[in-house]
Every structure is written in C-alpha cells, then in structure tokens.
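Summary of the model geometry
The lines below spell out each chain.
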Amino acid sequence: MSSVETSFVNPDSNNATNEAIGQGQPARSAQHKNYKGFVAGVFSGIAKLSVGHPFDTIKVRLQTSEKVQFKGPLDCLLQTIRHEGVRGLYKGATPPLVGWMFMDSVMLGSLTFYRRILKDSVFSSPSILATSRSSSREIENANQQVEDRLPTIGHGTAGIMAGATVSFIAAPVEHIKARLQVQYAADKNKRLYSGPIDCINKIARAHGIRGIYHGLSATLLFRSFFFFWWGSYDLITRYFSDHTKLSTPSVNFWAGGLSAQVFWLTSYPSDVVKQRIMTDPLGGALRDGERRFPRWKDAAKAIWLRDGPRGFWRGFFPCFLRAFPANAFALVAFEAVMRGLPE
C-alpha cells in the first residue's frame with residue numbers, strides 16, 4: 001500500500017504514513033490527499049452503516065425504553081425480529097445512510113485539515129513536540145520529527161475540532177434516526193412518522209429548523225469525546241507499528257476497532273443522555289406528547305433518579321460489540337477506495 005493510501009488514516013505512524021496530510025509535502029500533494037480522504041470517507045460511512053445499524057437500533061431501544069419492556073440486548077433483538085422482522089433492525093437506516101456518507105467524509109476530511117493546522121500553527125516548535133512525547137527516543141529526535149509528526153495530544157485536539165464540525169450534520173441525522181427507531185408499532189398506520197421525509201416535514205412544520213436540530217448541544221458534548229478516539233488511535237497505531245510486524249492495513253484495522261471501543265468507553269453516558277433528549281416528545285403542534293427534558297441536565301437527572309449509575313450504561317453491550325467491526329470495516333472500505341482512486 002502506498003503512502004498516499006495509508007496517510008489519511010494515520011498521518012504519522014512509523015512507516016510510510018509519515019508522508020501524510022501535507023507534513024513536509026508540496027501543497028498540491030496535500031490537496032490531492034484531502035480530496036481522496038473526503039471521497040473515501042463516503043464509502044467508510046456506507047460500510048459503517050451496513051455493519052453497525054442493527055446494533056445501533058438495539059442500543060437506542062434499550063437506552064430509551066422502560067426497563068420492563070426488554071430483559072436485555074438479546075431479548076430486544078428477538079422481540080424486534082419477532083414483531084417487525086429483520087427489516088426492523090434497519091429502521092431509521094435511510095437518514096444515517098445518507099448522513100454517514102457525509103459525516104464520515106466531513107469528519108475524516110476535516111480531521112486531516114485540523115491536523116495540519118495544529119501541526120503548522122501549534123506543534124511546529126521542537127520544544128512543544130518534545131514535551132508531548134512519552135518516548136525518550138522521540139524526545140531525542142524531536143528536532144527531526146517536527147517536520148513529520150503531530151503528537152498524540154494534537155491528534156486528540158484535532159478529533160475534538162472534527163467532532164464539533166461534523167456535529168452540525170450529525171445532529172439532525174441522529175435526531176430523525178432516533179425518532180424512527182423508537183416507533184415500535186408493526187402496523188405502519190399506527191406510527192406517527194411513515195419515514196424519514198415524513199418525520200422531517202412534520203417536525204419542521206411544527207417546530208422549524210430548531211426542531212430539526214433538537215439535541216445539537218448534546219451532540220456537540222458527545223462528540224467532544226473524539227479526543228479519546230483519535231488520540232488512542234494514534235497511540236495504538238504507534239504501538240503496533242513499533243512492536244509488531246503487522247502490515248499497515250492490519251494496523252489500521254486493529255487500531256480503528258480498538259480506538260472506537262476506547263471512544264465508547266469514555267463517551268457512552270453522554271450518548272445515553274443525548275438519545276433521551278432526541279427521543280423526548282417535542283410537543284406543541286406535533287402532538288407527540290409532553291416535553292420532559294428541556295435541558296441536558298434534566299435528562300441526566302431523570303436517568304439517575306430512575307436507574308442510578310447503571311442507567312447511563314443501558315444498551316452498552318450491543319454498542320460495544322458494534323464499535324469494533326463497524327469502525328474496523330469502515331477503515332477497510334476507506335483504504336480500498338483510497339487504493340482505487342487516481343492520484
């Protein structure tokens with residue numbers, strides 16, 4: 001695999017990926033890498049949805065249902081298939097199918113951009129680079145590596161910035177998806193929304209653009225945990241590159257899956273609160289019920305009072321199971337498209 005093919009996913013691993021995201025590369029080469037990253041990110045989103053959406057449906061239903069409705073993830077899965085068929089697992093898939101193509105494209109593309117900005121503007125000093133390293137060998141070589149590498153904290157910071165950027169696409173997509181996922185009626189005539197377009201139209205008529213973006217602040221908070229995702233991705237990639245003989249695609253696969261699990265271990269409670277907010281009735285002309293959580297802390301308090309600390313981890317198991325394969329295969333798809341795109 002060429003340096004261009006691997007560079008976007010990890011721009012500073014200890015192999016050919018050092019040539020990434022314009023670090024020491026001509027401007028035209030960097031622009032080409034950005035272009036490939038944005039395009040390949042679309043296919044990453046498709047792969048992620050195909051593998052991960054059934055897990056996501058189970059997760060959202062466990063997060064938002066009463067405890068008596070499902071005994072656990074397996075019971076939720078079996079009830080969904082029994083009453084709604086396998087298609088029930090893909091309820092609400094259309095918004096994220098479209099949205100994740102854009103989201104992964106924007107996230108991965110903006111991540112590359114922010115990495116370069118941070119490297120050039122913040123971490124360009126050898127002294128700053130040296131203080132952010134844990135390896136004595138890296139400290140000794142800081143003057144040389146400043147042209148090639150972004151420290152782990154830089155990757156984490158770029159992750160926060162990319163998370164904030166993509167939140168403005170993710171919030172409405174996840175909002176519509178969540179409302180469709182918690183419609184349990186097998187009879188379509190008994191559902192409030194017949195599909196994503198109907199859901200968007202009804203919410204927009206009743207509550208305008210603010211209704212569509214319901215849960216944006218919770219989404220921004222949730223995606224601030226991208227710091228741990230991309231920071232751990234860099235650390236895991238460096239470890240595998242330094243201490244194993246795995247090929248670069250294998251390193252990307254394992255680092256992508258494991259770092260996604262790190263992300264969910266740190267961010268999951270905030271996701272539970274976000275889902276409760278996004279599935280909370282909007283009220284008013286929509287006539288879907290009375291709103292219960294006008295603020296983030298109201299949703300968090302309700303979860304705590306009803307279930308205690310365990311309430312913030314409802315649905316974690318299917319989410320954790322989903323994290324590795326969905327994100328690992330997303331990176332496999334990303335790399336395959338990167339190889340196929342012209343220089």
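Residues numbered from 1 in each chain as written. Predicted model: local features only at pLDDT ≥ 70, side-chain atom pairs only at ≥ 80, totals over all residues. Heavy atoms only, no water.

Definition in use: UniProt positions are given in the numbering used here, feature names are shortened, and annotations may be inferred rather than shown by experiment.
Per an unreviewed UniProt entry, the protein chain is named Mitochondrial carrier protein, and its organism is Imshaugia aleurites. The record in UniProt for the protein chain states the following under Subcellular location (unreviewed entry): "Mitochondrion inner membrane". Under the Sequence similarities (unreviewed entry) heading, UniProt states for the protein chain: "Belongs to the mitochondrial carrier (TC 2.A.29) family."

Looking at helix 8 (residues 152-181)
The α-helix winds at 3.6 residues per turn, so residues separated by three or four positions along the chain end up facing the same way. Applied cut-off: Only DSSP runs of H or I covering at least 4 residues are called helices, and only runs of E covering at least 2 are called strands; the numbering of each starts at the N terminus. Here a helix's expected span is defined as the number of its residues, less one, multiplied by 1.5 Å. Two axes enter the definition of the bend at a residue: one is fitted to the seven residues ending there, the other to the seven starting there, and the bend is the angle between them. For every residue, the accessible area obtained with a 1.4 Å probe (protein chains only) is divided by the maximum for its type, and the residue is called buried under 20%, exposed over 50%, and partly exposed between those limits.
Counted at 1.5 Å a residue, the expected span for helix 8 with its 30 residues is 44 Å, but the 37 Å between its end C-alpha atoms falls short. A bend of about 50 degrees at Ser167 is the largest found in helix 8. Among the 30 residues in helix 8, 22 count as buried, and that is most of the element.

Some points on the packing of helix 8 against helix 11 (residues 226-243)
Basically, it comes down to this: Here, axes are lines fitted to C-alpha atoms. For helices the fit covers the stretch in contact, and angles between N-to-C directions go from 0 to 180 degrees. Geometric relationships in this document are graded by angle, where less than 35 degrees denotes roughly parallel, more than 145 denotes roughly antiparallel, 65 to 115 denotes roughly perpendicular, and other angles denote oblique. Each crossing gets its handedness from the near helix: less than a right angle anticlockwise from the far helix is left-handed, clockwise is right-handed. Any two residues having at least one pair of non-hydrogen atoms within 4.5 Å are treated as being in contact. Three classes are used, and their members are as follows: Ala, Val, Leu, Ile, Met, Phe, Trp, Tyr, Cys and Pro are nonpolar, Asp, Glu, Lys and Arg are charged, and the others, Gly among them, are polar.
Here helix 8 crosses helix 11 at 140 degrees, and the two axes come no closer than 7 Å. As judged from the angle between their axes, helix 8 and helix 11 are oblique. For the pair helix 8 and helix 11, the sense of crossing is right-handed. For the pair helix 8 and helix 11, the contacting residues are Thr152, Ile153, His155, Gly156, Thr157, Gly159, Ile160, Gly163 and Val166 in the first and Phe226, Phe227, Trp230, Gly231, Asp234, Leu235 and Arg238 in the second. Of the residues belonging to the contact of helix 8 with helix 11, the class tally is seven nonpolar, seven polar and two charged.

A few points about the confidence of the model for the protein chain
The test is simple: Per-residue confidence from the predictor is reported as pLDDT, which spans 0 to 100.
Here the protein chain shows a mean pLDDT of 81. Residues at 70 or above account for 82%. A low-confidence stretch, residues 1-28 (pLDDT under 50), is modelled with 87 contacts involving residues beyond four sequence positions or located in other chains. With pLDDT under 50 throughout, residues 134-147 is counted as low confidence; its partners more than four residues away or in other chains account for 23 contacts.

Some words on the side chain of Lys274
Note the threshold: Here a polar contact is recorded for every N or O atom pair within 3.5 Å, except that within protein the pair must consist of a potential hydrogen donor and a potential acceptor, and residues adjacent in sequence are included only if both atoms are side-chain atoms.
In this structure, Lys274 sits in helix 12 (residues 248-278). Polar contacts involving the side chain of Lys274 include one to the side chain of Glu174, which spans 2.9 Å. Leaving out residues up to four positions away in the same chain, Lys274 has contacts with Glu174, Ala218, Thr219 and Phe222.

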